[in-house]
Structure formats: structure tokens, C-alpha cells
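Spelled out from the first residue to the last, the chains are:
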Amino acid sequence: MRSGKPEIEQNFNFMTLRLITTAILLFDLLLSNCGTDGDGQYIPYISMGSIHTPVELKLVHGAVPLARVEVNGSKNLDMLVDTGSSMTYVPAGIFGNPEGEVYISSLCFENGLGFNNFMALSSDSAFTQSKNGYYNGIIGFDILKNFDLTFDYKEELLYFYDTLGNGSSALVTFPIHYESNRPFTNVSIEGKSKAATLLDTGAAYTRISSLTLDSLIKTPKVLFKSVIFNFDVSEVVEYLLLNDYCAGLACPEELIVQIGSWPAVGGTFFREYLTIFKFSENVLKLDRYYNSDHIKESGIQKTGLQINIYEASEIIYVNEGSLTWKVGFREGYEIISVNGIPIDSLGYFGVYDLFSDISIDEFQFLVVTLTGDVEDVILSIE
């Protein structure tokens, strides 16, 4: 009589192999797909998409990197890629929390790479709005520190690894350190070493303090002014041109800086270089671009006109003597449309995208004046 034991063992082994294979496939699926829920313990993990595929950036004001991401599998948000922010922020109420901590099951970039199962902060600020055409949040250092990041300001791309290798002969590498969960380095101005300075991709302009300005051998001429928005305050600040500002051995020939209450290396510096935050080795790598064709005046500098970061229809500042000042724009005017496009369709980003388009040399505004009159105003770019 033939025993059934070998057959039973064979079936058992097959079932065991099938279960193991299924478990491996499920594990691979968990790691490779974005949008999976966490386990409630808030242990962050990275789901890897095509890591060597870059993510397209929008450079607001020609210097501030913005990435489109999908959050919690349902919301497409335009978020600021900000090494200067210690935390990631989302708009208040968008995921049920008015303000405070909010659970993020997934934050996924367009290349499939995602950061999953972590806590962010929800807030109502200039950089955390839920409407299209405005800042929809901040991707902070709590996420960014997990990658080596390459910012290509010329091609407007973000890579999640060091693209340079050894780099060119123009490559400059210098150490970074961390304070309050943010990256810092030392800079020099006019050959004099300054205190540790924040490496801040979320700042459009490199910043120096008023004390540093007062210490300069010769005070540079003010180029223009604008209102800057922080989380809880806004202020009018000045911008000027420096030609002796260095981070490591990287020294742009000319650098537009903003006079602020705290110093930071910002977008006007980084856009001169292919910029690599190599967090795995705690260094910053800068490879100078061969030309500066990609560097353009910001819309505020070009026109002298500043609109409200919360509501693009509101003119909140006009530089005296600027192009827009000369054609009669004043603080308090309301914009209805630009070149026939309704302001609600453009949003904050859309207006400054138009201003930065060098193929457009004339803008037609429909505005409401301080007296309530509706006027057509033509602005010609000189």
C-alpha cells in the first residue's frame, strides 16, 4: 500500500513556498508604491520609485523651488522644497486638523518616490494655502535630510541623489553642520568670516542682517524694496548688490541680497550653481554653471510691483520710480486681469510667471483704483 506522506509533504512545501512568495510580493509592493497607509506607530519609511528620474521644479521668482506632490493619496499640492524649514507643513484643515500636528500616510513625488507614515504640522500661513496658484505647503528638512539632493536651477529639476560624482574642476565642496534640525555653514563677506548661516532653499534671496550691512566698508545702493512674508509677520525690506560674498570657495561675481533679521544663503546664491546637498556626508557641493542665461530678474525687481501672497488681486507695494509706479500703480489698487487673463485664473504664481516671460514686452492690466474706478493700464517693459 502506497503511503500519502510524501505527497502531503510536497503539497505542504508548495503551499509554504507560495505563501513566502506572496509575502515577498506584498512587501515589494509596500516599498515600491506610494500612498500606502502607515501602521499607526508613525515610524517613517521611504517608498522608492524611480529615484534616478528627476522631479520637475517650478522656480518662483526665478529662485524658489516648488514641487508638485500627492499627499495622502488624494491631494495634489504645490509645495516649497525648503531646507530652511525644520518641519513639513500642510494647509490647516485640509486633512481634518485645523492647526497643529497632522498624520501624513504618504507624500509622493512625481517620480514615485514617497515619504510615508509621519507627522507634519498644519497651519494657516502665506506658505500653507489650499488654493491653486499659491503655496500649498512646505517640504521641510525632516523629509529632505533623508536624501542626497541635487538642485539643477538651470534645468529646473530636482534629483534625490548626488548627480556629480567627482564633478568638474570648478567644483567646490565645504562642510555643513546642523542647528535646530536645519543645515548651516560659515560664510565670509568682504573677506571677513561671519557667524553660522542657514542654508535655505526656501528663501528667494540670500539674506544678511542689518548689523552686517552696517559693518560693510561701503554701503551698496538699494536696488528695490518689497514686503516679505513670514509665518506670523510681514515687513518691508531692502535689496542690494554685493560682490564679495563667499560660501566656502564659492563666490558669485554679483549677488542680490535681502536685508533681514537673520542671515541665510538663499536662491540668488544657489541658482549660480548646480547645488548638491550631500547629507550622507554632511557637505554641500557646488558646481558653477558655465553661463548665466537662466538667471533673470524677478517679477518684483523687473516691474516694481508686488501683489499679495495670499490674494493676487491685491497690490500691496509699488517701488517708487519703478515701471509700475510711473504708469500710476499704487498700493491698494485691485487687479482684475492681466493680458486678458482673469486674476483668479492666474493666482500668485501665474502673475509672476507672466512677468518673468522675456518674450512679453507689454502687459495690459484691468485694475480698480483707490477711488473705485475701473481702468485699463498698459505697462511696457523697457
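For clarity, every value in this text was computed on a predicted model and none was experimentally measured.

Definitions and limits used
Residues numbered from 1 in each chain as written. Predicted model: local features only at pLDDT ≥ 70, side-chain atom pairs only at ≥ 80, totals over all residues. Heavy atoms only, no water. Helix = DSSP H or I, 4+ residues; strand = E, 2+ residues; numbered from the N terminus. Expected span 1.5 Å × (residues − 1). Bend = angle between axes of the 7 residues up to and from the residue. Buried < 20%, exposed > 50% of the residue type's maximum accessible area, 1.4 Å probe, protein only. Pairing = 2+ DSSP bridges. Phe/Tyr/Trp six-rings, centres within 6.5 Å; stacked < 30°, edge-to-face > 60°. Lys NZ or Arg CZ within 6 Å of the ring centre and 35° of its normal. Salt bridge = Lys/Arg side-chain N within 4 Å of Asp/Glu carboxyl O. pLDDT = per-residue confidence, 0-100. Contact = heavy atoms within 4.5 Å. Core = buried A, V, L, I, M, F, W, Y, C linked by side-chain atoms within 4.5 Å. Disulfide = S-S within 2.5 Å.

### Some points on helix α7 (residues 343–356)
In an α-helix there are 3.6 residues to a turn, and that puts residues three or four apart on one side. Compared with the 20 Å implied by 1.5 Å per residue over 14 residues, the 16 Å span of α7 between its first and last C-alpha is markedly short. Taken as a whole, α7 carries its principal kink of about 75 degrees at Phe349. α7 sits mainly inside the fold: 10 of its 14 residues count as buried. Among the residues making up α7, those that are buried are Ile343, Leu346, Gly347, Tyr348, Phe349, Gly350, Val351, Tyr352, Leu354 and Phe355.

### A look at the sheet that holds strand β29 (residues 362–368)
What the four strands build is an open sheet, ordered β28-β27-β29-β30; its pairing is antiparallel. Looking along the sheet, the strands with just one partner apiece sit at the ends: β28 (341–342) and β30 (374–380).

### Section: the packing of aromatic side chains
Considering all chains together, one arrives at 27 aromatic pairs under this definition. Between Phe151 and Tyr153, the aromatic rings sit 6.1 Å apart at their centres with planes inclined by 25 degrees, giving stacked as the arrangement. Comparing Phe151 with Tyr153 shows no difference in burial state: the two are buried. An aromatic cluster is built from Phe127, Tyr135, Phe329, Tyr333, Tyr348, Phe349, Tyr352, Phe355, Phe363 and Phe365, whose rings are joined through pairwise contacts. A cation over a ring is seen here: Lys131 above Tyr134, with NZ or CZ 4.3 Å from the ring centre. The ring of Tyr289 is capped by Lys154, whose NZ or CZ atom sits 5.3 Å from the centre of that ring.

### Observations concerning the pattern of salt bridges
Following the criterion strictly, the structure yields seven salt bridges and no others. Among the ionic pairs, Asp353 bridges to Lys58, the shortest N-O distance being 3.0 Å. Residue Asp353 is found in helix α7, and its partner Lys58 is found in strand β2 (residues 55–60); the two are separated by 295 residues along the sequence. Among the residues examined, Lys58 registers a relative accessible area of 31% and is labelled partly exposed. Of the charged contacts in the structure, one is a salt bridge between Asp78 and Arg68, with a shortest N-O distance of 2.7 Å. Residue Asp78 is found in strand β4 (residues 75–81), and its partner Arg68 is found in strand β3 (residues 64–71); the two are separated by 10 residues along the sequence.

### Comments concerning the confidence of the model for the protein chain
Looking at the protein chain, pLDDT values average 88 and 88% of them are 70 or higher. Overall, residues 1–12 carries pLDDT values under 50, and its contacts beyond four positions in sequence, including any with other chains, amount to zero contacts. Note on residues 14–32: pLDDT under 50 across the span, and seven contacts to partners over four residues away in sequence or across chains.

### Quick look at the nonpolar core
In terms of nonpolar packing, the biggest core is built from 59 residues, with Ile104, Leu107, Ile139, Leu149, Tyr245 and Phe269 touching the most fellow members. The residues touching Phe269, leaving out its near neighbours within four places in the chain, are Thr206, Tyr245, Ala247, Ala250, Pro252, Leu255 and Leu286. Counting residues in hydrophobic clusters, the runner-up holds 47 residues, among them Tyr135, Val227, Leu346 and Val351.

### Some remarks on the state of the cysteines
For the structure shown, the criterion picks out one disulfide. Here Cys246 connects covalently by a disulfide to Cys251, the sulfurs 2.0 Å from one another. One quick way to see it: the torsion about the S-S bond of Cys246 and Cys251 is about 115 degrees, and its sign makes the bridge right-handed. For Cys251, a relative accessible area of 34% translates into the label partly exposed.

### Some thoughts on the environment of Ile336
In this structure, Ile336 sits in strand β27 (residues 334–338). The partly exposed category is assigned to Ile336, whose relative accessible area is 32%. In this structure the C-alpha to C-alpha distance between Ile336 and Leu366, which are 30 residues apart in sequence, comes to 5.3 Å. Those residues in contact with Ile336, other than ones at most four positions away along the chain, are Ile341, Pro342, Ile343, Leu366, Val367, Val368 and Val374.

### So, the pairing of strand β9 (residues 149–152)
Residues of β9 alternate between two faces, with Leu149 and Phe151 on one and Thr150 and Asp152 on the opposite face, all of them buried. As paired strands, β9 and strand β23 (residues 273–278) are joined by four bridges and run antiparallel to one another. Paired with Asp152 across the two strands is Leu274, which belongs to β23. Taking the residues between adjacent antiparallel strands as the criterion, β9 and strand β10 (residues 157–159) are bridged by four residues, where Glu156 takes a positive phi near 60 degrees.

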